[in-house]
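Here are the chains, one letter per residue:
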Amino acid sequence: MTRRVRVRFAPSPTGALHIGGVRTALYNYLFARQHGGDMLLRIEDTDSARFVPGAEDYIIESLRWLGIEIDEGISVGGPNGPYRQSERREIYKKYVKQLLDGGRAYIAFDTPEQLEAKRAEIPNFQYDASTRMSMNNSLVLPQEEVDARIASGEQYVVRFLVTPGEDIHVHDLIRGEVVINSSILDDKVLYKSADELPTYHLANIVDDHLMDISHVIRGEEWLPSAPLHVLLYRAFGWEDTMPQFAHLPLLLKPEGNGKLSKRDGDRLGFPVFPLEWHDPKTGAVSSGYRESGYLPEAVINFLALLGWHSHEEQELFSMDELIKNFSLDRVNKSGARFDYQKAKWFNHEYLQRRSDDEVAQMFMPILEAHGHGGEDFKKVSHVVSLVKERVNFVSELWEQCNFFFEAPSEYDEKSLKKRWKEESPKHMSELRALLASQDDFSGEALDAVVMPWIEEKGYGVGIVMNAFRICLVGAARGPHIWLITDVLGKEETLRRIDAMLSR
Ligand code: GLU
């Protein structure tokens, strides 16, 4: 029987969820859905020093906004809870004891000062087979003394006993076989008595085992921990149910050199967080994709292609298409350049795919902020249909369509210079008279009278129409002129010509 696919997204609540973390969540989700498996959300909050209030809610809200659904864990519950590691203390203690009893781990009393002294004494000091017997631990001290020290309340840590000189094989679904010699590993701390909590390594392994995780899909920065994790599975006797690993490529700076950081976003003006983040300690506010006007489906598509590609040229994928097409085989080994201009392009594409009514709905608050709260929704939706293709974001609509809602209060100097000719006032007053006599103000009807009039008079079409546009828009921009008159209507069109003529 093949094993049921169960993956987990296991963030630490140490601040805003970075966009790279969102990609990790997405790839886990796509993989789970494709295989009809489960997507778990576990909060790894064993490092109390780095805990940031609000971070967990932020993670949940981010995933919800993006449509990354959780089947089990934080925010939905499930049979393997609790899903917050700080609430699983008693569970971990049992497994720490198992390692100690089996001689796979030991107790160490070294104080920070003692460790510091060692580091000063021995170049490149590492707590391992070459040094552990000269340290302050249960491998060296008599059992009675160890017991007495613990009984007296002395703080200690539990370290993993790594046997040197052994090749450890990590099978990575993206990188293939990675071999590391155990001699380069140190005796990692697995548990700290001070806060009665395990470290990441132990908690992670125990939980992945107890939650029956089949695949661990996570960022490349965790690859160096994988050999230790393999050793831990073995120490517990869980090799048979050890998950398969897949370490995702790094997200690189837009220039392609080095890891993407928050500073790159600040420097180049793009968000590195899914949602706006208010740092509870500093009060600093960092921009988010949502608040910057990105559609969730655009962010999803953009992230999906950062490190993965389909076998076709296709670039636009809905979530369902991604679920169908995603494959770890086509995740790149090398880092993915964070091309944020591409994110804008995706947003443009997805904005076009949203209905005019939907976009109009998003645009209404912006209209209201410009003093047009009472506009007819049908009109707004129609205007949106005329200018949508010109923008990447809803926030850019206003400057593309403001003239549909208010008469120009000033006229663009450049356009005037170039397009308002000596004869324009004469043209416009004649045109005004012609338009005033029209009952049918549809674009077709107007075109059918205005064009022959221009020809008959021997005026240039461009000269007349450019001047007319300046009257209506205040500049040389906007959609086709009859589309504009159609929205403005007769009265307003005439009023705008008058306003220009009386200038
Ligand atoms: N808590 C780790 C993190 O913050 C999880 C790493 C893993 O997936 O094993 O990314």
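What you are looking at is a predicted structure, and each value in this text was computed from that prediction instead of being measured. (Residues numbered from 1 in each chain as written. Predicted model: local features only at pLDDT ≥ 70, side-chain atom pairs only at ≥ 80, totals over all residues. Heavy atoms only, no water.)

**Student:** I tried to follow the overall build of the protein chain on my own but got confused; where do I start?
**Tutor:** If you tally the helices and strands in the protein chain, you get 19 helices and 15 strands. At 33 Å, the protein chain has a C-alpha radius of gyration far larger than the 23 Å of a compact globule built from 503 residues. Overall, the C-alpha framework of the protein chain stretches about 110 × 50 × 40 Å when taken along its three principal axes. Expressed as a percentage of its 503 residues, the buried residues of the protein chain come to 50%. Once local pairs closer than 6 in sequence are excluded, the contacts in the protein chain between residues at least 24 apart make up 71%. Looking at the protein chain as shown, the accessible area adds up to about 23,500 Å², and 50% of this sits on carbon and sulfur atoms. Positive and negative side-chain charges of the protein chain, numbering 59 and 78 respectively, have mean locations separated by a distance of 2 Å. (Helix = DSSP H or I, 4+ residues; strand = E, 2+ residues; numbered from the N terminus. Rg over C-alpha atoms; globule rule 2.2 N^0.38 Å. Buried < 20%, exposed > 50% of the residue type's maximum accessible area, 1.4 Å probe, protein only. Contact = heavy atoms within 4.5 Å. Areas by Shrake-Rupley, 256 points an atom, 1.4 Å probe, with all protein chains shown as cover. Lys, Arg positive; Asp, Glu negative; His and termini not counted. Charge placed at Lys NZ, Arg CZ, Asp CG, Glu CD.)

**Student:** Help me understand the pairing of strand E2 (residues 38-41) in this model?
**Tutor:** When a strand is regular, its side chains alternate between the sheet's two faces. Neither face of E2 is left uncovered, since the one carrying Asp38 and Leu40 and the one carrying Met39 and Leu41 both have all their residues buried. In the sheet, strand E1 (residues 6-9) pairs with E2 via four bridges, with the strands oriented parallel. When the sheet's bridge partners are listed, phenylalanine 9 is paired in E2 with leucine 41. Viewed along the sheet, the connection from E1 through helix H1 (residues 19-34) into E2 turns out right-handed. Bridge count between E2 and strand E3 (residues 72-73): two bridges; the pairing is parallel. Across the sheet, residue leucine 41 finds its bridge partner in E3, namely glycine 73. The handedness of the E2 to E3 crossover, carried by helix H2 (residues 55-66), is right-handed. (Pairing = 2+ DSSP bridges. Right-handed = clockwise from strand over helix to strand, strands pointing away.)

**Student:** Would you take a moment to explain the side chain of aspartate 45 for this structure?
**Tutor:** Relative to the helices and strands, aspartate 45 resides in the loop between E2 and H2. Although aspartate 45 is buried, it forms no salt bridge, and the closest oppositely charged side chain is arginine 84 at an N-O distance of 5.0 Å. Engagement of the side chain of aspartate 45 in a polar contact is seen with the backbone nitrogen of glutamine 85, the distance being 3.2 Å. With residues near it in sequence (within four places) discarded, aspartate 45 still touches Pro13, Phe51, Arg84, Gln85 and Ser86. (Salt bridge = Lys/Arg side-chain N within 4 Å of Asp/Glu carboxyl O. Polar contact = N/O pair within 3.5 Å; in protein donor to acceptor, adjacent residues only side chain to side chain.)

**Student:** Whenever I open this one, helix H17 (residues 443-457) confuses me. Can you help?
**Tutor:** An α-helical turn contains 3.6 residues, so any two residues separated by three or four positions project in the same direction. Here H17 spans 21 Å end to end across 15 residues, near enough to the 21 Å set by a 1.5 Å rise per residue. Three or more residues of H17 are buried, namely Gly443, Ala445, Leu446, Val450, Trp453 and Ile454. One side of H17 carries all its buried residues, which in axial view fall inside an arc of 155 degrees. Turned more than 90 degrees away from the buried face of H17 sit Glu444, Ala448, Glu455 and Glu456, all of them exposed. On the buried face of H17, the contacting elements are helix H16 (424-436), helix H18 (461-473) and helix H19 (481-501). In the stretch just after H17, glycine 458 is the one whose phi turns positive, near 75 degrees. (Expected span 1.5 Å × (residues − 1). Arc of directions from axis to C-beta.)

**Student:** Looking at this structure, I do not really get a negative patch on the surface. What am I missing?
**Tutor:** Negative charge collects at one region of the surface, where Asp439, Asp440, Glu444 and Asp447 lie side by side. Its relative accessible area of 44% is what places aspartate 440 among the partly exposed residues. (Patch = residues over 30% accessible without salt bridge, like charges linked within 9 Å, V, L, I, M, F, W, Y side chains within 5 Å.)

**Student:** Could you clarify how one ought to interpret a nonpolar patch on the surface in this entry?
**Tutor:** Taken together, Met133, Leu139 and Val140 make up a surface patch of nonpolar side chains, about 250 Å² in accessible area. Residue placement: methionine 133 occurs in the loop between helix H4 (112-121) and helix H5 (143-151).

**Student:** Which parts of the structure should I look at to understand the site of the ligand?
**Tutor:** Close contacts around the ligand come from Arg8, Ala10, Pro11, Ser12, Glu44, Tyr200, Asn204, Arg218 and Trp222, and that covers them all. Contact between the ligand and alanine 10: a nitrogen atom at 2.8 Å from a main-chain N or O atom of the residue. The contact in question runs from a nitrogen atom of the ligand to an N or O atom on the side chain of glutamate 44, over 2.6 Å. Compared with its free state, where it exposes 300 Å², the ligand has 84% of that area covered by protein. Here the residues of the shell around the ligand are counted per class, giving four nonpolar, two polar and three charged. (Near = heavy atom within 4 Å. Nonpolar A, V, L, I, M, F, W, Y, C, P; charged D, E, K, R; others polar.)

**Student:** Please explain the nonpolar core as it appears in this structure.
**Tutor:** The biggest cluster of nonpolar side chains holds 149 residues, and the ones touching the most others in it are Ile68, Phe338, Phe363, Phe404 and Phe468. Residue contributions to this core peak at nine residues, all from H1. Not counting the four nearest positions on each side in its chain, phenylalanine 338 is found in contact with Ile19, Leu251, Leu252, Lys253, Pro254, Leu260, Phe270, Tyr289, Phe302 and Leu306. (Core = buried A, V, L, I, M, F, W, Y, C linked by side-chain atoms within 4.5 Å.)

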